[in-house]
Every structure is written in structure tokens, then in C-alpha cells.
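Residue-level structure breakdown
This is what each chain is made of:
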Amino acid sequence: MNIRKSFTRKNDNTGVYVSYDSIEECPNCKKALAPQNLYGIVHLKNDKETLSVADFCNGCHSLIVSEYEISKKIRRTNSNGTVEYDDKEYKMVSLNHSAPVNFKEREFDDKLKKLSPQFVKVYNQALKAEDFSLDEIAGLGYRKALEFLIKDFAIYNNPEKEEEIKSTWMMKCLKEYIDNEKIKTLAEKSEWIGNDEAHYVKIQDDRDINDMKSFIDALVYFISMSLIVDDAQTMKSKKENAKNE
Ligand SMILES: [Zn+2]
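Now for a description of the structure that goes with this document. (Residues numbered from 1 in each chain as written. Predicted model: local features only at pLDDT ≥ 70, side-chain atom pairs only at ≥ 80, totals over all residues. Heavy atoms only, no water.)

**Some words on the overall build of the protein**
Looking only at helices and strands, the protein has eight helices and six strands in total. Of the regular secondary structure in the protein, the N- to C-terminal order runs β-β-β-β-β-β-α-α-α-α-α-α-α-α. Its C-alpha atoms give the protein a radius of gyration of 25 Å, more than 25% over the compact-globule value 18 Å for 245 residues. Along the three orthogonal principal directions, the C-alpha set of the protein runs to about 90 × 50 × 25 Å. Here the protein, with 245 residues, has 37% of them falling under the buried criterion. In the protein, the share of contacts with a sequence separation of at least 24, taken over all contacts with a separation of at least 6, comes to 49%. Accessible area for the protein stands at about 15300 Å²; split by element, carbon and sulfur atoms hold 51% of it. A gap of 2 Å separates the mean positions of the 38 positive and 43 negative side-chain charges of the protein. (Helix = DSSP H or I, 4+ residues; strand = E, 2+ residues; numbered from the N terminus. Rg over C-alpha atoms; globule rule 2.2 N^0.38 Å. Buried < 20%, exposed > 50% of the residue type's maximum accessible area, 1.4 Å probe, protein only. Contact = heavy atoms within 4.5 Å. Areas by Shrake-Rupley, 256 points an atom, 1.4 Å probe, with all protein chains shown as cover. Lys, Arg positive; Asp, Glu negative; His and termini not counted. Charge placed at Lys NZ, Arg CZ, Asp CG, Glu CD.)

If you want it as C-alpha cells, here you go:
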């Protein structure tokens, strides 16, 4: 929720206003936090305008400390192009971090864990990086996790091609060894976003790590469903046996 609140600016002890997104999920207990803002101060940190705030979590009764990068709002742009800033109004640039963080691994279905233990491991490392605000690393991690999931699923469907699948590009693997269109689309689009995470220039600039995560969630769902259907198909009728008894 975007809120506007007054805080004291440390360097001149003046009251200023900051518009920023308050924390909605407690980093410690992961519950939606009705943020009870206790204290905050505007100060310079490493030459950057910073807002540090303390909130109280009503779920786990912990004190949550968050740090935001902020900047002065523009009051007006003059006809000659020069910009005048408002000295007392700030806006949020980014949330740097929130602490304490109590990391909880994500649980996956047993069938999926068996299909791709590496996916589960790498996904949880990426999630941990994200929880600790290492977003640049997290994106790469999700991209790597995706590759394990897709390749392990392709190997599961084509066990005789295992060596080939392991050493081929993920996109080629999708085209040649996976026939479910939904899985193909989701994996391909996740790969697009994932590649941006690894390169200097971002191509999909309207998409981010959250889109990739929701595509991976949907992939996990479709692949898990496929594993359940395969399991159901192995069931044999026991009627014949029952008749003979
Ligand atoms: Zn909490």
C-alpha cells in the first residue's frame, strides 16, 4: 500500500514527507502484516537519500526494519529544461531490504521431488536469495531451476534419450521432446524472462522475475498433473481377480 507519512530528516532536523510502499508481508513470519509503523527517519547513507522505518508485525510480534532508497519529488520543470525539486517531499525509488528474514523452503509434491530433485534444490536457493533481497542472483537461479525441471521431465518421457537431452539446449529440448503445448508455452516464456536475468540488456522490459515465478508455478502444476495421470494409468483392474475368488 502506498502511503505518505511525515518523518524527521536527520541532517537538518526538519519534518519531511515521504510517499512509499509499506511492507505488506512480514519477512519473518510471511503473514500479511497490518503494518503498525513505529518510527522512521530520513537520512543519507552512502551518499544516497534513505528512509529507514521500523514496523511492528501483529502476527509474530517482531520488529521489522526496512530500508528504502528515496529521492526528492520534482516540483516543476522550467521552460528551459531545468528541474526544480521540492525540498520537503520525497518519493520511494526502491525497497532495499527488510529484516529479520526467516527463510522457509517451499515444499513440492513428492512426485515432483522424485522427478527433479535438482529443480527443488535450485528453486529453493533462488527463493532464499530473493528473500534476502539478492534479486539479481535470484533471477539467474530461477532460470537454472527451470532448465532442470524441463530437462528432467523430457528425460522422464524419453528415457532412452537421456544423454542427448542433458547436453542439448533447453529450447531444442522443448521442441523435440515435450509435446504438451501448455508446458511448451510456459517454459518458453519463462526462458525469455530468464535470459534477461543473465544478460546486460533487458529485452522483455515489461516483465520481471515475478512473471517468471508465476509461469514456473503453472509449469509445476501441469507437470505434477501429468505425473498423477501417469500414475493413474498404471492402475490395473482387480475385478477379474475378485470374480475368481
Ligand atoms: Zn511477522
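**Examining the layout of surface pockets**
Estimates place the volume of the largest pocket at around 940 Å³. Those elements that place two or more of their residues in the lining of the largest pocket are strand 6 (83–99), helix 2 (117–131), helix 3 (135–157), helix 6 (181–198) and helix 7 (209–233). A total of six residues in the lining of the largest pocket trace back to one element, the largest contributor, which is strand 6. Of the residues assigned to the lining of the largest pocket, the class counts are eleven nonpolar, eight polar and 13 charged. Inspection of the lining of the largest pocket shows a minimum of three residues originating in each of domain 1 (2–99) and domain 2 (110–233). What the second largest pocket holds in volume is close to 160 Å³. (1 Å grid on protein atoms, 1.4 Å probe; cavity = no way out; pocket = protein on both sides within 12 Å on 5 of 7 lines; lining within 4 Å. Points joined across faces, edges and corners; volume = space filled by probe spheres on them. Nonpolar A, V, L, I, M, F, W, Y, C, P; charged D, E, K, R; others polar. Domains from an automatic or database assignment.)

**A look at the sheet that holds strand 4 (residues 48–56)**
The strand order around the closed barrel built from six strands is 1-2-6-5-4-3, with neighbouring strands paired in mixed fashion. Direction aside, neighbouring strands of the sheet carry axes that sit 40° apart on average. As paired strands, strand 2 (residues 14–21) and strand 6 are joined by three bridges and run parallel to one another. Bridge pairing in strand 6 places serine 19 opposite lysine 91. (Pairing = 2+ DSSP bridges. Axes fitted to C-alpha atoms, helices over the stretch in contact; angles between N-to-C directions.)

**Focus on the coordination of the zinc ion**
Distances from the zinc ion to its protein donors, namely Cys26 (SG), Cys29 (SG), Cys57 (SG) and Cys60 (SG), fall within the range 2.3 Å. Its four donor atoms give the zinc ion angles of 106 to 114° at the centre, a pattern that matches the tetrahedral case. In the primary structure, the donors to the zinc ion are separated according to the pattern C-x2-C-x27-C-x2-C. Across the pair, cysteine 29 and cysteine 26 agree in class, each one buried. (Donors = N, O, S within 2.8 Å, 3.2 Å for Na, K, Ca; no water. Tetrahedral: all angles 85-135°; square planar, octahedral: opposite > 155°, others 65-115°.)

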